Protein chains: 2
Amino acid sequence: MSNYDQLISHYQTINHFNHAQSMLGWDAAANMPTGGSDARSQAMAELSVHVHRLSTQPQLGEWFNNAENELLNAEQTPLITEKKASLREMKRQWQQATLVPEDLVQAQSIAGSKCEHAWRSQRQENDWTGFEKNWKDVVALSREEAAIRGEALGLTAYDAMLDKFEPGTTTASLDTLFSDVKTWLPELIEKALAKQQSESIIMPSGTYPTAAQKSLGLEIMKLLKFDFDHGRLDQSVHPFCGGVPSDVRITTRYDESDFVQALMGIVHETGHARYEQGLPKAFAGLPVGEARSMGIHESQSLFFEMQIGRSKDFITHLSRLSADAFNAYKDPVFTEENLYKLYTRVDKGFIRVDADELTYPAHVIMRYEIERDLINGVIEHTDVPEIWDEKMKASLGITTKGNYKNGCMQDIHWTDGSFGYFPSYTLGAMYAAQYKATMTNTVNIEAAIQSGDLSPIFQWLNDNIWSQASLHTTDELVKRVTGEVLNAEHFRKHLEARYL
Amino acid sequence: MSNYDQLISHYQTINHFNHAQSMLGWDAAANMPTGGSDARSQAMAELSVHVHRLSTQPQLGEWFNNAENELLNAEQTPLITEKKASLREMKRQWQQATLVPEDLVQAQSIAGSKCEHAWRSQRQENDWTGFEKNWKDVVALSREEAAIRGEALGLTAYDAMLDKFEPGTTTASLDTLFSDVKTWLPELIEKALAKQQSESIIMPSGTYPTAAQKSLGLEIMKLLKFDFDHGRLDQSVHPFCGGVPSDVRITTRYDESDFVQALMGIVHETGHARYEQGLPKAFAGLPVGEARSMGIHESQSLFFEMQIGRSKDFITHLSRLSADAFNAYKDPVFTEENLYKLYTRVDKGFIRVDADELTYPAHVIMRYEIERDLINGVIEHTDVPEIWDEKMKASLGITTKGNYKNGCMQDIHWTDGSFGYFPSYTLGAMYAAQYKATMTNTVNIEAAIQSGDLSPIFQWLNDNIWSQASLHTTDELVKRVTGEVLNAEHFRKHLEARYL
Ligand SMILES: [Zn+2]
Ligand SMILES: [Zn+2]
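Keep in mind that this is a model prediction, so the values were computed, not measured.

Caption draft 1: Focus on the coordination of the zinc ion (ligand 1). All names here are of chain A. In the first shell of the zinc ion (ligand 1), the protein supplies H268 (NE2), H272 (NE2), E298 (OE) and E298 (OE), at 2.1 to 2.8 Å from the metal. In this structure, the zinc ion (ligand 1) is coordinated by four donor atoms arranged in irregular fashion, with angles at the metal of 49 to 124°. In terms of primary sequence, the donors binding the zinc ion (ligand 1) are separated according to H-x3-H-x25-E. You can see H268 sitting in helix α10 (residues 260–278) and its partner E298 sitting in helix α11 (residues 294–309), a full 30 residues away along the chain. Across the pair, E298 and H268 agree in class, each one buried.

Caption draft 2: Just the coordination of the zinc ion (ligand 2), in detail. Coordination of the zinc ion (ligand 2) by the protein is provided by H268(B) (NE2), H272(B) (NE2) and E298(B) (OE), with metal-donor distances spanning 2.1 to 2.5 Å. Mapping the donors of the zinc ion (ligand 2) onto the primary sequence yields the spacing H-x3-H-x25-E.

Caption draft 3: Structural detail: the pairing of strand β3 (residues 247–252) of chain B. Residues and elements named next belong to chain B. Burial analysis of β3 places six of its six residues in the buried class, which makes it a mostly covered element. Bridge analysis of strand β1 (residues 231–235) against β3 gives five bridges, and the strand direction is parallel. Each residue of the ladder has a partner; that of D234, found in β3, is T251. Strand direction decides the pairing type here: strand β2 (residues 241–244) and β3, joined by four bridges, are antiparallel. The partner of C241 across the bridge, within β3, is I250. If you look at the hairpin formed by β2 and β3, you'll find two residues sitting between the two strands.

Caption draft 4: Inspection of the sheet that holds strand β2 (residues 241–244) of chain A at higher detail. All names here are of chain A. The three strands are arranged β1-β3-β2 in an open sheet whose pairing can be described as mixed. At either margin of the open sheet sits one strand with a lone partner, and together these are β1 (231–235) and β2. When the angles between neighbouring strand axes are averaged without regard to direction, this sheet yields 20°. Across the sheet, helix α1 (residues 3–30) touches β1, β2 and β3 (247–252), and the angle it forms with β2 is around 140°.

Caption draft 5: Main features of the sheet that holds β2(B). Residues and elements named next belong to chain B. Read from one edge to the other, the open sheet built from three strands follows the order β1-β3-β2, with strand pairing classed as mixed. Edge positions in the sheet fall to β1 and β2, since each of these pairs with one other strand and no more. Each strand axis lies, on average, 20° off the axis of its neighbour in the sheet, ignoring direction. Strands in contact with helix α1 (residues 3–30) are β1, β2 and β3; relative to β2, the strand with the most contacts, it is inclined by about 140°.

Caption draft 6: Fine view of the pattern of salt bridges. Residues and elements named next belong to chain A. Applying the stated criterion across every chain, the model contains 57 salt bridges over all chains. The closest approach of N and O atoms between R249 and D247, which form a salt bridge, is 2.7 Å. Of the two residues examined, R249 and D247, each falls in the buried class. E489 is the salt-bridge partner of R492, the closest N and O atoms lying 2.4 Å from each other.

Caption draft 7: Representation of the packing of helix α9 (residues 210–223) of chain A against helix α12 (residues 312–325) of chain A. All names here are of chain A. α12 packs onto α9 with a crossing angle of 145° between their chain directions and a minimal axis gap of 10 Å. Every pair of crossing elements has a handedness; the one defined by α9 and α12 is right-handed. The segment α9 lies against α12, with A212, L216, E219, I220 and L223 engaging F314, H317, L318, L321, S322 and A325.

Caption draft 8: Expanded view of the relation of the copies chain A and chain B. With an axial shift of 0.1 Å and an RMSD of 0.1 Å, the rotation relating chain A to chain B amounts to 179°. As the rotation angle and translation indicate, the two copies are arranged about a two-fold axis. For chain A, the residue whose C-alpha comes nearest the rotation axis is A20(A), separated from it by 3.2 Å. Mapped onto chain B, 100% of the interface residues of chain A are again interface residues, and the two copies thus contact each other with one and the same surface.

Caption draft 9: Representation of helix α6 (residues 128–153) of chain B within the structure. Between its first and last C-alpha atoms α6(B) spans 35 Å; for 26 residues at 1.5 Å apiece the expected length is 38 Å, and the two agree. Immediately downstream of α6(B), the backbone of G154(B) shows phi near 70°, a positive value.

Caption draft 10: Structural context of the interface of chain A and chain B. At the interface, 31 residues of chain A touch 31 residues of chain B. Between chain A and chain B the total buried area reaches about 2,500 Å² when both faces are included, carbon and sulfur atoms providing 56% of it. Among the residues of chain A in contact with chain B, H16(A), P33(A) and E46(A) are the three that bury the most area, contributing 21% of the side total. Applying the counting criterion to the chain A and chain B interface returns 16 residue pairs in polar contact (both at pLDDT 80 or more). Put simply, the parts of the chain that give the side of chain A that touches chain B at least two residues each are α1, α2 (37–55), β1 and β3 of chain A. The residue makeup of the side of chain A that touches chain B, split by class, is twelve nonpolar, twelve polar and seven charged.

Reading the values: the criteria
- Residues numbered from 1 in each chain as written.
- Chains lettered and ligands numbered in written order.
- Predicted model: local features only at pLDDT ≥ 70, side-chain atom pairs only at ≥ 80, totals over all residues.
- Heavy atoms only, no water.
- Donors = N, O, S within 2.8 Å, 3.2 Å for Na, K, Ca; no water.
- Tetrahedral: all angles 85-135°; square planar, octahedral: opposite > 155°, others 65-115°.
- Helix = DSSP H or I, 4+ residues; strand = E, 2+ residues; numbered from the N terminus.
- Buried < 20%, exposed > 50% of the residue type's maximum accessible area, 1.4 Å probe, protein only.
- Pairing = 2+ DSSP bridges.
- Axes fitted to C-alpha atoms, helices over the stretch in contact; angles between N-to-C directions.
- Contact = heavy atoms within 4.5 Å.
- Salt bridge = Lys/Arg side-chain N within 4 Å of Asp/Glu carboxyl O.
- Left-handed = near helix turned anticlockwise from the far one by under 90°.
- Least-squares fit on C-alpha atoms with pLDDT ≥ 70 in both.
- Expected span 1.5 Å × (residues − 1).
- Buried area = accessible area lost by both parts, 1.4 Å probe.
- Polar contact = N/O pair within 3.5 Å; in protein donor to acceptor, adjacent residues only side chain to side chain.
- Nonpolar A, V, L, I, M, F, W, Y, C, P; charged D, E, K, R; others polar.

Below, the structure written as structure tokens:
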């Protein structure tokens, strides 16, 4: 067997253990009673250790060297391009697993768990002083990680952290993209608010039974052609998309006094799910057959949520299906006009996860700027609350002075050291808008949504994004699909068209 | 670290992978869409291979030798008895894993899968000739396995197969027990049938919605003190009890035209579940902390089903709770008298899984006699249909001549070579009756059931059976608990009291 084939077989083995890990994680969130958590945590930790051991086996370095030569000597053989991409992605995962020394990983895991666990109550109590003591270690260890990764990859500290979630994305490119957004976003928000001020809107005030919301969710998933032979919908406290490509498990959370969030949440997770379901079978179980990045994943969920879900045409379907589901044909909450207002309402608030489409980028950009400077050592962790307050005042005109729990302590990401993740959300929104702009050249999107048969849209996404998995780098992918590198122009036009 | 401690740590590691395997198996039966099965099978096969590798690691033999000496030199230390039992059970699992050469295990797995898969349609088509061709290999390989196990353990061929499911049980003891049963069972069946002939019974004829049956099932589980913090109830095609002791997953199947089976099925599986939930936390994840045997497991489910569930006092609760659940207070189906008749009806039928409490042992004993002679080489696999017909005529007075699908082709067990399993069912029923007889000395069982607080019963089972896990051999366990070895006397008395 060639070393290339040995690598293929090795990564398929790893994938089988990841399958188990992924399903246990889904089950823990969707089914597991509290009393099961100790044994489950132990089992999942054991699987992690095993996957880490497999991912860092000493012979891999030699296999990668040999496999690269094997492919160099096989230029004329079938599928050589795909094989090279496959090798590149296996090597990437191997590097990610081996770059950071195990004792640092261990220390990070301990410090991160401690900080996150304490944060759950400290946030409630607005206890910055308590939080800061734990967070200090998390930040220090993340800086250490960033330095090691940066050294090995020839990247700056923060770019090395970005590389974990968005391979190829740099501070330079994000600075360009986000400073562009900052030139027009504040004014756009003000204009949208001014426009919406005069509108009247009817808020949901009834009771929306979980069973009816779930049936409605399943109807929407059918409209979005979720493949129920390869996935299912369940409930969990924090909605997510889990499982494996051949069996995607999405979850949502129901609030019986308001259907708005759960419903659009299902649209969002269905976008993630269809990406997974559309990944190429030929590369199933291999790194090259996995989703390209966090940002591209989010581009698909946000394409479903923002480009399809909150469009007027789609909301016509939502209006009809909701009225059916809640047996509320005369309820003015469910008219097309009112639902559209509900789903496009702009509001300057403290909390990112509650933010609307228009203010969301402001939340993300300030987090990006802070974590970039924090990891690069430009600021210290104790500076964060003050900088947060300044940025909130500058971007959304609200202060968080002394309000840590609705300020810099609101998100889970930083508590366990997931620095470099936040930009993915807004990158996803930008990719989605850029894809939409290209799609418009060949697909009559409005007509497809109006007809209720959205296949042409999904076919385009499948051909251009889903089926391409990780065969190309992120930059190559967006250039192949849209003919240009990622830029904020399409995003701006999309927002202006919707909110002005 | 001592070799004993190394073994403890090693078996805990194995347990974590078994946790994953168990949950993936439950999920495949309870949740997984069809399209997920290929990837799931691959993941589960990988976990099996890994567990097998861990269970047969070369250094284990030396560790076991050294650990035995370590414990011999530690006679005066705390918990030495438990440690010896723990070592005995780890060693037992090691022997079970290593006794049979891997190429034989592999050949059995292939032949078993092939035979079982083909059987699913061959049974429908009554195709003995087709089945016999595949089964021939399964039988030959099982005989080979039995010879190897027997040689290593100093047992006869069939006793070596019994040892897999009922360690310590022998043909000699089963011959004694079952020939006793055969002296009184046929007459008892005839008398019960004669008695029931004059009774009138009202069969369920309504519609019993799944949701209502599930709520009722959950109520019954509460009455039986199922710990919902460590388990849950779901649906699957074949009801079973899975998961892990800290998170037991039981399933049932609902038939909307008949509540009878699902309801008692839940009682049965709750018995299995409470045994698992009651296993000692101190030995969690170790072989000595696992259920003693298939027969003892079945003794707990059958204690719940036969000794509690079908008692007149318990059926009073079922009557009340079912009338509540189906909102059917005036329906004569749900009177205590009628429900009791439904749950104690005797009927001589072809099919074991549909058999009542009284005829069930006849089905098991004939299977035992046939598989014993088949594995010992006394009969050939081609003799089975004729012998089956003779035994059915002798025990239940019905012929299966030419009726293979309702005769020797009805069960899945033999198709994949699970010889030695059948006796567990009737051993379980006998253990349950014998435990009940002892429990009566110190617990007022009728009063406990009548009061609706069954705790005294469960406390007894917990103290005597559940908390004892595999600390004692099966024979020691039953002698400690009941003061005598297993015998058929209590089973006979129980059946006579209920059916005469
Ligand atoms: Zn998302
Ligand atoms: Zn059972």
